[in-house]
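# Coordinates in review
These are the residues of each chain, in order.
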Amino acid sequence: MNVGIDQSWKKELETEFEKEYFKELISFVKEEYTEHKCFPPGSDIFAAFDHSKFEDTKVVILGQDPYHGLGQANGLCFSVKDGIAFPPSLINIFKEIDSDLDKPLPNTGNLERWANQGVLLLNATLTVRAHQAGSHQNKGWEKFTDKVIRLISDRKENVVFLLWGGYAKKKAKLIDASKHLILTSGHPSPLSANRGYWFGNKHFSKTNEYLIKNGKESIEW
């Protein structure tokens, strides 16, 4: 099931794929996809790793679970397929970008355009059963994605990690803050955003300022 993982990631993660927990995880996922409706489509499970090569990754945004509604998830956190209505969290992300960078809401919620610029849109859990949030948690995905975060932290420099909400913030302990930028805020979900924990964080301009300062191209958000 290494469908869609770019060769650069396969090279970095090949020892992880051989571990027993990962083999058990893939067996579980295959069974779930056989017996239940699950998201994202099988070919998109590793989409985050296909669009953003390891050597090109300069920003990491961490989500928790894929969207569990019909036709939403496309393997990139917070992203939806073309033509799908924007979920509330994504609307608030776009509102903050508009406020921060004066960019109006786009026509599509498909964030492949970010991923293709080196933004790793990583969910902690890469699969979910339809209409059952969290249904594939604690099956091994988190162990795998924690390894990915550590790998980026250890092997790269000057990467921006955007950690939104309590769950994502816990991942800060996996990251070497002496050589990377960690930006944290409340989650863009309405519950958090409407309490004042999201809007005004200016994470998108801060990310670009840091990238430019460190000789990297900014992100066209």
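We now turn to the structure provided with this report. (Residues numbered from 1 in each chain as written. Predicted model: local features only at pLDDT ≥ 70, side-chain atom pairs only at ≥ 80, totals over all residues. Heavy atoms only, no water.)

## Observations regarding the pattern of salt bridges
Two side chains that carry opposite charge are able to pair once their charged atoms sit near each other. In the structure shown here, the tally under the stated rule is 6 salt bridges. Across the salt bridge formed by Lys 19 and Glu 16, the nearest N and O atoms sit 3.0 Å from each other. Ionic pairing is found between Arg 129 and Glu 32, a salt bridge with its closest N-O pair at 2.9 Å. Within this pair, whereas Arg 129 is found in strand β4 (residues 128-129), its partner Glu 32 is found in helix α2 (residues 20-35), the two being separated by 97 residues in sequence. Given the relative accessible area of 8%, Glu 32 is considered buried. (Salt bridge = Lys/Arg side-chain N within 4 Å of Asp/Glu carboxyl O. Helix = DSSP H or I, 4+ residues; strand = E, 2+ residues; numbered from the N terminus. Buried < 20%, exposed > 50% of the residue type's maximum accessible area, 1.4 Å probe, protein only.)

## Details of the sheet that holds strand β5 (residues 160-164)
An order of β3-β2-β5-β6 is seen for the 4 strands of this open sheet, with the pairing classed as parallel. Each of the sheet's edge strands pairs with one partner strand only, and the pair in question is β3 (119-123) and β6 (181-185). Averaged over all pairs of adjacent strands, the angle between strand axes in this sheet comes to 20°, irrespective of strand direction. As defined by bridge partners, strand β2 (residues 59-63) adjoins β5 across 4 bridges and the pair is classed as parallel. Along β5, the bridge assignment pairs Val 60 with Phe 161. Its contacts with the sheet place helix α6 (residues 141-155) against β2, β3 and β5, and it is angled at close to 155° to β3. (Pairing = 2+ DSSP bridges. Axes fitted to C-alpha atoms, helices over the stretch in contact; angles between N-to-C directions. Contact = heavy atoms within 4.5 Å.)

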